[in-house]
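# Structural description and commentary
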Amino acid sequence: MSQTNTTQAPWSPLYFLSSLGAGGLIVTFFMFLLFWVPHPDQAIPVFEDILAAFTSGTIMMKTGIIIATSGILFFAIRHFQLLAWNFSHYRQWKADGGLSALEGSNAHTQMLAIPLTLAMSINAGFMLGAVFVPQLWSVVEMLFPLAMAGFLALGVWALKLYLHFFSQMLSEKKFQVTANASLAQLLPGFAFAMITVGLSAPAAMSHNHITVGVSIVLAGFFFIPAVFITLLKLIIGIGHMLEHGANRAALPTLWVGIPILTTLTIAALRLDHGLSHTLGLSESTTPLMFLTIMFSAQLFLILLGAAVMKRMGYIRSVLKGEEQTPVVFALICPGVSISIMMHFLINKGLVAAGLVTKFGIAYWSFTALAIIVQLLSIWLLMRLTRKMICKACPLPSLA
């Protein structure tokens, strides 16, 4: 792949958020298969379920499967292309002393964008295998420990990065309060949340009690720093913004809490499934109230962030292509997360509670809203990629 760098801003680890956004869009298309394709024998639809649904399904089902699988494949390619592009720039950036310059500053937490994105890569690989590899589920119990080992390695790396940052800031008093007028410090919380949701997957999908137990323990461990960092840095960040005003360049960070809520919500649902259905340790109920509260919290964060961005003219500036800092890629994740959460609320909440009939008029009306948000996220990713990474990015090249 040729490398003609047309980046309009100096490279930083935040550019990994472009690959993260593409990976998140894979999940939005996987939601179509998860909630539309019957899969009675396992927690998620696999190749055989998709093929059976396509063979015997209606025109609408066939169309949905074609769109979903095409979207998964397209954004999987884009995700790994952007990942490779970022690592090539990361190596040069590190060789030029970029990492040394970042260390010891508030911006050192940007390094957590790398394990965050790689955790999404593992999720992407798992979805690709489930959708496109025949008979994968026959050996999936052997794959779960490998996936958990990968997520655990990323978790240890992320923990090491954050503890180094945290100890240095407290012991050497290097943290600059006036430079913290944003919610950029929530990025480590997002990284730990993504690792948590990855580690929780076997709890919902495995039938091996040992695998489920290890999944619950590991996911529970990383759940704590995800919640702790998010709540702590949310309070501190808002306090600093109230005192010093919001940093315009970092306004997209006002919505970082939205994908954190989605990942932790899915993790909680997976852990509950493992405890109740596999281990039989608790009685599971319809999670309508839980999903409603989490979704409402996301909507509130959307409104708060949008109010500030509108007041400062930021959204208009983004639409005009005037914002050229890599943090703007953080705008993709909230849309992706809202779309995914809406699918869960509709199917695991409203349909499961009997309030909405699956595939009825109300169902498709609500689902259409999730798809609209998804399409807006796709448009934004493609627009930002063209403007900030390459002038023309038709697949399969990025340059």
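Scroll up to find the structure this text is about.
Predicted model, so just to flag it, every value in this text is computed and none were measured.

Calculation rules
- Residues numbered from 1 in each chain as written.
- Predicted model: local features only at pLDDT ≥ 70, side-chain atom pairs only at ≥ 80, totals over all residues.
- Heavy atoms only, no water.
- Core = buried A, V, L, I, M, F, W, Y, C linked by side-chain atoms within 4.5 Å.
- Buried < 20%, exposed > 50% of the residue type's maximum accessible area, 1.4 Å probe, protein only.
- Helix = DSSP H or I, 4+ residues; strand = E, 2+ residues; numbered from the N terminus.
- Contact = heavy atoms within 4.5 Å.
- Expected span 1.5 Å × (residues − 1).
- Polar contact = N/O pair within 3.5 Å; in protein donor to acceptor, adjacent residues only side chain to side chain.
- Axes fitted to C-alpha atoms, helices over the stretch in contact; angles between N-to-C directions.
- Parallel < 35°, antiparallel > 145°, perpendicular 65-115°, else oblique.
- Left-handed = near helix turned anticlockwise from the far one by under 90°.
- Nonpolar A, V, L, I, M, F, W, Y, C, P; charged D, E, K, R; others polar.
- Bend = angle between axes of the 7 residues up to and from the residue.
- Salt bridge = Lys/Arg side-chain N within 4 Å of Asp/Glu carboxyl O.

### Description of the nonpolar core
- Counting 131 residues, the largest nonpolar core has Leu-17, Phe-30, Leu-33, Phe-329 and Phe-344 as its most contacted members.
- Broken down by element, this core gets its largest block of residues, 15 residues, from helix α1 (residues 16–36).
- Each residue touching Leu-33, except ones within four places of it in the same chain, is listed here: Pro-45, Ile-50, Ile-65, Ala-68, Thr-69, Ile-72 and Val-131.

### Focus on helix α8 (residues 209–244)
- Compared with an ideal rise of 1.5 Å per residue, which puts 36 residues at 52 Å, α8 spans 51 Å between its outermost C-alpha atoms and is within 8% of the ideal.
- You can read the cap of α8 off the contacts: a side-chain oxygen lies 2.9 Å from the backbone nitrogen of Ile-210, and it is on Asn-208.
- Just downstream of α8 lies Gly-245, where phi reads positive at about 85 degrees.

### Considering the environment of Met-388
- The residue Met-388 is located in helix α13 (residues 361–388) in this model.
- With 353 residues separating them in the primary sequence, Met-388 and Phe-35 have C-alpha atoms 35 Å apart.

### What about the packing of helix α3 (residues 59–95) against α13?
- Running from amino to carboxyl end, α3 crosses α13 at an angle of 30 degrees, the nearest separation of the two axes being 13 Å. The angle between α3 and α13 places the two elements in the roughly parallel class. The interaxial crossing formed by α3 with α13 has left-handed handedness. In contact with Met-60, Phe-74, Phe-75, Arg-78 and Leu-82 of α3, α13 contributes Trp-364, Ile-378, Leu-381, Met-382 and Thr-385.
- When the residues that make up the contact of α3 with α13 are grouped by side-chain class, the tally is eight nonpolar, one polar and one charged.

### Quick word on α1
- Given a rise of 1.5 Å per residue, 21 residues ought to cover 30 Å, and the 31 Å separating the end C-alpha atoms of α1 matches this to within 8%.
- The sharpest bend along α1 comes to roughly 25 degrees, located at Phe-30.
- Where burial is concerned, most of α1 is hidden: 21 out of the 21 residues are buried.

### Describing the pattern of salt bridges
- Scanning the model with the defined rule gives one salt bridge in all.
- With a closest N to O distance of 3.1 Å, Glu-323 and Arg-248 form a salt bridge. Of this pair, Glu-323 sits in the loop between α11 (314–319) and α12 (332–351) while Arg-248 is found in the loop between α8 and α9 (257–278), placing the two residues 75 residues apart along the sequence.
- You can call Glu-323 buried: its relative accessible area is 13%.
- On the basis of relative accessible area, Arg-248 is assigned to the partly exposed category, the value being 30%.

### Section: the environment of Ser-19
- Mapping Ser-19 onto the fold places it in helix α1.
- On the basis of relative accessibility, which here comes to 0%, the residue Ser-19 falls in the buried class.
- Along the backbone, Ser-19 and Ile-66 are 47 residues apart, and their C-alpha atoms lie at a distance of 23 Å.
- Contacts of Ser-19, omitting those with residues within four sequence positions, involve His-79, Leu-82, Leu-83, Asn-86 and Thr-117.

Keep in mind that these numbers describe shape and distance, not what the molecule does.
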